[in-house]
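Report on the structure
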Amino acid sequence: EVRHDLALGVGYEFDLGSTQLLMNARARTSDEPDYNSYSGSLTGALSFNDRSSIFTLNASYLHDEVGKILRGAARVGSDGRNLSDRGQVGVLNVLALSAEFTQILTPTLFVDVGYDLGLLNGFQANPYRTVSVGGVMRPENHPDARTRHSLYGRLAWYFRPTHTALHLMYRAYVDSWDIAALTPEVRLYQEIAQNATLRLRYRHYAQTRAYFQHPPTQYLTQEEFVTVDPKMTEFHSDLIGGQLLLRLDFLEDSAFHFAREASIDFSFDYIWNTNRYGNGVIAQVGVRLPF
């Protein structure tokens, strides 16, 4: 399939003397054969104490239109209609609000805390996923309403003598579907050369199950909500990995002078999952080239 994604953002900082107010607005649209998404957000960041303190508020709205197209050979009806295209099966609207506070404690130490609130209403299941209930296959069905709360914090500390940075992060999550999760994470950044930085990280994730999630064999025919989504089950995961970032500023006086501000990163992570997704490898290569 082909997906088209278009985003537009604009921002401006207002100088208020001893404080600064940065305002950003962003709009985005994404179009796929079976999924259309439209979103907009507004962010305001107030800096004070010589920019050592930053308070940020964000509000965003998302509207998704969910469709369903069957795989395989095209199914054309007698009237010429494409029977593989089942049209729109649901609509999802999301209002997300967040608040964040960042404080620089010393030139080498800062703390960051935040809170996210998500209000979801509409279609939140997978249109292609089915559940066997009493030997009969039924479309997966999740509740329409969901309220999500997330509280997080980060402490970052830089050690000048060894050019090392330590980041400690923790996130707590709970929602109206009875899913609660905790996510501690530690990251270590080490400058191994003038143009190279190595990042190592470990993350643990543990969550409870949604109140309507049961093994497929335990669903009763009269139950309204059914799911086989692995993300709705009780599980935990552990992720360990690393990233190597190479800055290309050594190209300053070469024939590749245009790429002197570019960087290349290589990352590799391995994740252990106790849910149906199982274990996996996450690897990627990225190139950043300002122009």
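Everything that follows concerns the structure shown earlier in this document.
Residues numbered from 1 in each chain as written. Predicted model: local features only at pLDDT ≥ 70, side-chain atom pairs only at ≥ 80, totals over all residues. Heavy atoms only, no water.

Before going further, it helps to spend a moment on the nonpolar core. Within the largest apolar cluster, nine residues are counted, these being Y173, W177, I179, A181, Y205, A210, F212, M232 and F235. If we skip the residues at most four places from it in the chain, A210 touches W177, I179 and M232. (Core = buried A, V, L, I, M, F, W, Y, C linked by side-chain atoms within 4.5 Å. Buried < 20%, exposed > 50% of the residue type's maximum accessible area, 1.4 Å probe, protein only. Contact = heavy atoms within 4.5 Å.)

With that settled, consider the pairing of strand 13 (residues 235-247). Pairing of strand 12 (residues 196-207) with strand 13, which is carried by twelve bridges, proceeds in the antiparallel orientation. Residue pairing for strand 13: A196 is matched across the bridge by L246. When strand 13 meets strand 14 (residues 263-273), the two strands line up antiparallel, connected through eleven bridges. The partner of G242 across the bridge, within strand 14, is F268. (Pairing = 2+ DSSP bridges. Helix = DSSP H or I, 4+ residues; strand = E, 2+ residues; numbered from the N terminus.)

This paragraph deals with the pattern of salt bridges. Within this structure, the stated rule accounts for 13 salt bridges. When the shortest N-O distance is used, the salt bridge between D112 and R154 registers 3.9 Å. You can see D112 sitting in strand 6 (residues 109-122) and its partner R154 sitting in strand 9 (residues 145-159), a full 42 residues away along the chain. What makes D112 buried here is its relative accessible area of 5%. The residue D116 makes a salt bridge to R171 at a minimum N-O spacing of 3.7 Å. Pair noted here: D116 is in strand 6 and R171 is in strand 10 (residues 164-175), with a separation of 55 residues, a long-range link. Relative accessible area serves as the criterion here: at 25%, D116 is assigned to the partly exposed category. A cluster of three or more residues bridged by salt bridges with shared partners is formed by R129, E140, D229 and K231. (Salt bridge = Lys/Arg side-chain N within 4 Å of Asp/Glu carboxyl O.)

The subject of this paragraph is the environment of D178. Looking at the secondary structure, you find D178 in the loop between strand 10 and strand 11 (180-193). A C-alpha to C-alpha distance of 9.8 Å links D178 and Q207, two positions 29 residues apart in sequence. Contact partners of D178, with chain neighbours within four places excluded, come to T208, R209 and Y211.

By themselves, these are just geometric observations and shouldn't be taken as functional.
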